[in-house]
Amino acid sequence: MTPASSIKSSQAPDPEYDLQHPLECVGYDFGLSRRAFVKGLGAGLCIAVSLPVLAQERESGQRSRNTFLGTGAQNLAARIHLGTDGSITVMAGKVEAGQGARAELLQAAAEELRVPVSRVRMMLADTDMVPDDGMTAGSGTTPRTVPAVRRGAATARNLLIAFACGQWTLEHAAVEVRDGRVVHRGSNRSLDYADLARSVGTAKLFQQAIPADIELTPIKEWKVLGTSVSRPEAHDLVTGAHKYPSDIARPGMLYGKILRRPAYDAKLLSIDLAPARAIPEVIVIRDDQDDQFVGVAASTSFRAERALAAISDTAKWGTTPQSSGPRPSGSKPSSKDLFDYLRRNAEGGPPSNPFANGPSVAKTLRRTYNVPYIQHAPLEPRAALAEWKDGRLTVWTGSQNPFGVRGELARAFHLPEDQVRVVIPDFGAAFGGKHTGECAVEAARLARGAGKPVSLRWTREEEFTWAYFRPAGVIEAEASLDAQGKIATWYFININSGPNAVDTPYSIGKTDCRFIPSTPPLRHGSYRGLAATANNFAREVFMDELAATADSDPLAFRHAHLANPRLRAVLDAATSHFRWQERANRKDPNTSVGLACGTEKGSYVAACAEIEIDRQQKKLKVRNICEAFECGAIVNPGNLLSQVQGATIMGLGAALQEEIRFENGRILNASFGEYRVPRLEDVPELDIHLINRPDLPSAGAGETPIIAIAPAIANAVFRATGASVQALPIRI
Amino acid sequence: METRAETKTDARITFTLNGESRSVITDPDRPLLDVLREDLHLTGTKYGCGEGECRACTVLLNGESTPSCLTPVGSVNGQPVLTIEGLAHGDKLHPVQEVFLAEGAFQCGYCTAGMILGVASVRQKNPAADEAEYRAELQKHICRCGGYPKYLSVIRRLAEGAQTEKARI
């Protein structure tokens, strides 16, 4: 398998680029020779990208940073199109994967244009049509793209005002814009955006850059932002008319399948393609440049599967996965010895605690926490439809990274980026799991080989095996308490899973919080909240153990170390709605409560959980979760609630059930039957409180609500059993 | 593909799809899901797992909530199949669709068609169904976005509506 690259070690993560992209794109080793390329696609189309430049960019990290943030709209025309028929189209490079980006961006545009949302058409994520707004990741749409769209819309509104005042020779103060029209208060004359569109000078005016400092509508005057605007695609979602990447079809399209290795490090030695070629309406695709790539394309998925099965049976592989001898993966671990492996391979070894030999302290506590690989398991597995036409490649696919996938395709096929178009239809969820374009590249390889458009839809097993995972991690924590029971020193090392939220939000005299990369045995990448899920779990569980060591109540212990007012506010809200003191004092041996809080990406969360424990059966059931969440000024309360509910429930899965098991380069639980994700009856009573802070800028909300769930439940287990929880998923 | 060559395993399969008689000539072992999506171009029915665990592929076969990924098309010969595309009457949404829409009960929407059909099957079999009956059906469906609180609102509204209806009678 391709070794996953490591996360850049960083003590101080850049707040803009959140370092949640440890993933290296798959290294494509089927690079065509220039001659083969020209032969295949015709001369005149090959403008090879300078590889040394790419390598330099990669080294500097500049490319990934540009990919993450994007270049934004170069001018107003790239952001907003006004039709002479009165239509208004707003373009954004974000994708819709269920998180509600389209509705929020519509709100942003409608607010500043002073039009109803129904007047605006939102065009998302088509690299030929929209500006590069970067990846849809890191909870970035709300804090970055919503303001970018607002600035564009406000610029257009100002142009409408200037246009009308020019026509009427009036001061700007004499007019106002309402319901899409600029109106002269004195005479009631009016002009609208269609009039502006028809004006001769407008096209030139739209070539101007969008001013970064343009005045936006103050929050207290918001009419559209701050309200629960419903999703514009809602009707198509309930009728089944909405088209996902796996639904897109093109004339003459075939269905593709890829021969997968039986284990990550297996090597194809030989294969007989004749049985597949004997099946009518099947094209077998082999790449002269890459003897490991075998695919089929056929008139139906069924036929493609049959063809693949026919040749799979003839394949000879370089390793024997079931061999009882030395593992073919050499020193690669299984999920059973994963954590020792990660520790052993920590870059430079885990650093020692600099405070270990400090002045004498009252008490010290040391713990190690293990967090497994888990899978995003979006309900729509990766899918891509690729079409080559006149040397140009178009791919429809589900990815959070439209411009990044365009770059990936351009590099893979040695094409200039303007010869590649990536279109991202709304797709069946991602959760940080679709930053890459491996399925897009595979579909394009099949389409090139077949000479026809090819739709490739990964199976669930492929998604569980060949997508990337949330990184596993080991967290070493050591703290000392002074005579007053306060934390004197804090040492907290995350090995392998990432730097997000590795720093403690608590006020502690001496801290050493670090992320140390290791050698990950599986390909890993982003996730909802990424390493904040691991770091906040370990920190908050450790806090409860320290509280117990100090003979303190978990809430009082946190209060004694908590200066951050926003974090205090959510903690107080959650504990008060939950009636923490009352429930914590209850003496029921089979019921317990726990709490946790945390902050990441500018938003704040606290959760209280009530659990029921069956000691004989070693089972636990979460009965109630009360969560308070604050992310500044709320842009869309209805959508925010959905995001918080969804993150909470996803957090339940990671807390109680989810864990990738692997051995000998194979995933052992690559199905929904064996990898359980939350279902309806797993959902406890949820009591969610959204705290609006109109005085603060809006932060994103898709991730942080997940980070308090696992530690709140683990702390309830610790409270009930006295045995500390030191691994996910939680077992009693 | 409309122009598929007949092979010796192909058979003519005729069934009622969304109220209309349809015939396909194909391999009877193909999953109904594939035939709906690839031959009949009804893409509202989704693939999620291929093992009946997620129910994104739910259709109503003889009114029963059925995973079309595990249903060979040959087995539906002569039977009525309802997909999400056949649930509304023209522009008039089915009451279950109306409630999903009103509650905003979707996130990515990939499971939505299956959820709606599952709920509709319970309601069609027993218009007075209670929450527990709806819950038993929804337990079979996966929503990875975690939209379950909204589905609970949907089925509570349907169950309460049925109660109100009963009280009126």
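Owing to the predicted nature of the structure, the values given are computational and were not obtained by experimental measurement.

Participant: Help me out: how do you make sense of the packing of helix α13 (residues 402-413) of chain A against helix α14 (residues 438-450) of chain A in this one?
Facilitator: Axis angle and axis distance: for two packed helices, these are the angle between their axes and the distance between the axes, and together they describe the pair. All names here are of chain A. At a minimum axis separation of 9 Å, α13 and α14 run at an interaxial angle of 40°. The orientation of α13 with respect to α14, classified from their angle, is oblique. Between α13 and α14 the crossing geometry is right-handed. Contacts between α13 and α14 involve Val405, Glu408, Leu409, Ala412 and Phe413 from the first element and Glu438, Ala440, Val441, Ala444, Arg445 and Arg448 from the second. In the contact of α13 with α14, the residues fall into seven nonpolar, no polar and four charged.

Participant: Just to check I follow, could you spell out the interface of chain B and chain A for this structure?
Facilitator: Put simply, an interface is often sized by how much accessible area is lost when its parts join up. Chain B puts 48 residues into the contact, and the matching count from chain A is 59 residues. Roughly 4500 Å² of surface becomes buried between chain B and chain A when both sides are summed, with 56% attributable to carbon and sulfur atoms. Counting across the interface, chain B meets chain A through eight salt bridges. One can count 26 residue pairs in polar contact (both at pLDDT 80 or more) joining chain B with chain A. Listed by contribution, the elements that provide at least two residues to the side of chain B that touches chain A are α1 (32-39), α2 (95-103), α3 (112-125), α4 (131-138) and α5 (148-168) of chain B. Looking at the side of chain B that touches chain A element by element, the count peaks at four residues for α5 of chain B. A breakdown of the residues in the side of chain B that touches chain A according to their chemical character gives 22 nonpolar, eleven polar and 15 charged.

Participant: Is there a simple way to think about the pattern of salt bridges in this case?
Facilitator: Once the charged atoms of two side chains with opposite charge are near each other, the side chains can pair. Residues and elements named next belong to chain A. Enumeration according to the criterion identifies 60 salt bridges over all chains in this entry. Close ionic contact of Arg514 with Asp512 constitutes a salt bridge, the shortest N to O distance being 3.0 Å. For Arg514, a relative accessible area of 24% puts it in the partly exposed group. Under the relative-accessibility criterion, Asp512 is labelled buried at 12%. Across the pair Arg676 and Asp682 runs a salt bridge whose closest N-O atoms are separated by 3.1 Å. The class for Arg676 is partly exposed, based on a relative accessible area of 37%.

Participant: Would you mind going over the pairing of strand β16 (residues 454-457) of chain A with me for this structure?
Facilitator: If a strand is regular, its side chains alternate between the two faces of the sheet. Residue and element names in this part refer to chain A. Of the two faces of β16, the one lined by Val454 and Leu456 and the one lined by Ser455 and Arg457 are each fully buried. Inspection of the sheet shows strand β7 (residues 254-258) paired to β16 by three bridges, in the parallel sense. Within the sheet, the bridge partner assigned to Tyr255 lies in β16 and is Ser455. The sheet contact formed by strand β13 (residues 383-389) and β16 spans four bridges and is antiparallel. Within β16, the position partnered with Ala384 by the bridge is Leu456.

Participant: What is the right way to look at the state of the cysteines in this model?
Facilitator: Two cysteines joined by a covalent bond between their sulfur atoms form a disulfide. Residues and elements named next belong to chain A. Considering all chains together, one arrives at zero disulfides over all chains under this definition. No disulfide involves Cys513; its sulfur sits 15 Å from the nearest other cysteine sulfur, which is in Cys597. Looking at Cys513, the relative accessible area reads 7%, which means it is buried. A disulfide-free cysteine, Cys597 has its sulfur positioned 9.7 Å from the sulfur of Cys608, the nearest such atom. The class of Cys597 is buried, set by a relative accessible area of 1%.

Participant: Help me understand the domain arrangement of chain B, please; the structure alone is not making it clear to me.
Facilitator: Residue and element names in this part refer to chain B. Domain parsing of chain B yields domain 1 (11-86) and domain 2 (95-168). A C-alpha centroid distance of 22 Å is found between domain 1 and domain 2. Counting residues at the interface gives 16 residues for domain 1 and 14 residues for domain 2. Regarding the contact of domain 1 and domain 2, the summed buried area is about 1300 Å², with carbon and sulfur atoms giving 60% of it. The interface formed by domain 1 and domain 2 contains one salt bridge. Lys125 serves as the salt-bridge partner of Glu64, at 3.1 Å between the closest nitrogen and oxygen. Between the two partners, domain 1 and domain 2, sit four residue pairs in polar contact (both at pLDDT 80 or more). When contributions to the side of domain 1 that touches domain 2 are tallied by element, the ones reaching two or more residues are β3 (58-61) and β4 (64-67). In terms of residues, the side of domain 1 that touches domain 2 owes the most to one element, β3, which gives three residues. Classifying every residue of the side of domain 1 that touches domain 2 gives seven nonpolar, five polar and four charged.

Participant: Explain the layout of surface pockets here, please?
Facilitator: Where empty space is left can be seen by rolling a probe of water-molecule size over the atoms. There is about 1000 Å³ of room inside the second largest pocket. In terms of lining residues, the second largest pocket is bounded by 47 residues, among which Lys257, Thr459, Glu461 and Glu462 of chain A together with Tyr47 of chain B are the most central. Elements represented by at least two residues in the lining of the second largest pocket include exactly β7, α11 (301-312), β16, α15 (460-466) and β24 (666-667) of chain A together with α1 of chain B. Per-element tally for the lining of the second largest pocket: the top contributor is α11 of chain A, with six residues.

Participant: Would you explain the sheet that holds strand β1 (residues 11-17) of chain B in this entry?
Facilitator: What holds strands together in a sheet is hydrogen bonding between their backbones, with the strands either parallel or antiparallel. Residue and element names in this part refer to chain B. Strand order across the open sheet formed by five strands is β2-β1-β5-β3-β4, with mixed pairing between neighbours. Across the chains shown, the open sheet's two edge strands, defined by having one partner strand only, are β2 (20-26) and β4. Geometrically, the sheet is characterised by an average inter-axis angle of 40° between neighbouring strands, direction not taken into account. For β1 and strand β5 (residues 80-82), the ladder comprises two bridges, and the chain directions are parallel.

Participant: How should I be thinking about the side chain of His376 of chain A in this particular structure?
Facilitator: Positionally, His376 of chain A belongs in the loop between β12 (363-371) and β13. Relative accessible area serves as the criterion here: at 1%, His376 of chain A is assigned to the buried category. In terms of polar contacts, His376 of chain A uses its side chain to reach the backbone carbonyl oxygen of Ser526 of chain A, at 2.6 Å. The contacts of His376 of chain A, once residues within four sequence positions are left out, are Ala430, Phe431, Gly432, Gly433, Tyr468, Phe469, Arg470, Ser526, Tyr527 and Met650 of chain A together with Arg144 of chain B.

Participant: Please explain the confidence of the model for chain B as it appears in this structure.
Facilitator: The predicted structure's coordinates, where accompanied by low pLDDT, should not be read in detail. Confidence in the prediction of chain B, expressed as mean pLDDT, is 94, and 95% of residues score 70 or more. With pLDDT under 50 throughout, residues 1-5 of chain B is counted as low confidence; its partners more than four residues away or in other chains account for 16 contacts.

Participant: What exactly am I supposed to notice about the domain arrangement of chain A here?
Facilitator: Residue and element names in this part refer to chain A. By the assigned domains, chain A splits into domain 1 (76-239), domain 2 (245-318 + 382-457) and domain 3 (526-721). Its C-alpha centre places domain 1 at a distance of 38 Å from the equivalent point of domain 3. On the side of domain 3, 17 residues touch domain 1, which itself brings 17 residues to the contact. Taken over both partners, the interface formed by domain 1 and domain 3 buries close to 1200 Å², and the fraction arising from carbon and sulfur atoms is 52%. Looking at the side of domain 1 facing domain 3, the largest losses of area belong to Ser139, Thr142 and Ile219, adding up to 35% of the total buried there. In this assembly, domain 1 and domain 3 are joined by seven residue pairs in polar contact (both at pLDDT 80 or more). Mapped onto the side of domain 1 that touches domain 3, the elements with two or more residues apiece are α5 (101-113) and α6 (141-168). Of the residues forming the side of domain 1 that touches domain 3, the biggest block, three residues, is contributed by α5.

Participant: Please clarify how the packing of aromatic side chains should be interpreted in this entry.
Facilitator: Aromatic ring pairs are defined here through the distance separating the ring centres and the angle between the ring planes. As enumerated under the stated definition, the model contains 14 aromatic pairs over all chains in all. Relative to Tyr151 of chain B, the ring of Phe100 of chain B has its centre 6.0 Å away and its plane inclined at 35°; by these criteria the two rings are tilted. One end of the pair, Phe100 of chain B, is in helix α2; the other, Tyr151 of chain B, is in helix α5, with 51 residues separating them in the sequence. As far as burial versus exposure is concerned, Phe100 of chain B and Tyr151 of chain B are alike and both buried. Seen from their ring centres, Tyr148 of chain B and Tyr151 of chain B are 6.1 Å apart, and the 80° between their planes marks the pair as edge-to-face. Of this pair, Tyr148 of chain B and Tyr151 of chain B both sit in helix α5, three residues apart, roughly one helical turn. Three or more aromatic residues link up through ring pairs in this structure, and these residues are Tyr369, Trp490, Phe492, Phe537 and Phe542 of chain A.

Participant: Help me understand the packing of α3 of chain B against α5 of chain B in this model?
Facilitator: All names here are of chain B. Two elements in contact, α3 and α5, have axes whose closest approach is 12 Å; the angle formed by their N-to-C orientations is 25°. In terms of axis orientation, α3 runs roughly parallel to α5. The interaxial crossing formed by α3 with α5 has right-handed handedness. Of α5, the residues touching α3 (which contributes Met115, Val119 and Arg123) are Tyr148, Tyr151, Ile155 and Leu158. Here the residues of the contact of α3 with α5 are counted per class, giving six nonpolar, no polar and one charged.

Each value, and the rule that gives it
- Residues numbered from 1 in each chain as written.
- Chains lettered and ligands numbered in written order.
- Predicted model: local features only at pLDDT ≥ 70, side-chain atom pairs only at ≥ 80, totals over all residues.
- Heavy atoms only, no water.
- Axes fitted to C-alpha atoms, helices over the stretch in contact; angles between N-to-C directions.
- Helix = DSSP H or I, 4+ residues; strand = E, 2+ residues; numbered from the N terminus.
- Parallel < 35°, antiparallel > 145°, perpendicular 65-115°, else oblique.
- Left-handed = near helix turned anticlockwise from the far one by under 90°.
- Contact = heavy atoms within 4.5 Å.
- Nonpolar A, V, L, I, M, F, W, Y, C, P; charged D, E, K, R; others polar.
- Buried area = accessible area lost by both parts, 1.4 Å probe.
- Salt bridge = Lys/Arg side-chain N within 4 Å of Asp/Glu carboxyl O.
- Polar contact = N/O pair within 3.5 Å; in protein donor to acceptor, adjacent residues only side chain to side chain.
- Buried < 20%, exposed > 50% of the residue type's maximum accessible area, 1.4 Å probe, protein only.
- Pairing = 2+ DSSP bridges.
- Disulfide = S-S within 2.5 Å.
- Domains from an automatic or database assignment.
- 1 Å grid on protein atoms, 1.4 Å probe; cavity = no way out; pocket = protein on both sides within 12 Å on 5 of 7 lines; lining within 4 Å.
- Points joined across faces, edges and corners; volume = space filled by probe spheres on them.
- pLDDT = per-residue confidence, 0-100.
- Phe/Tyr/Trp six-rings, centres within 6.5 Å; stacked < 30°, edge-to-face > 60°.

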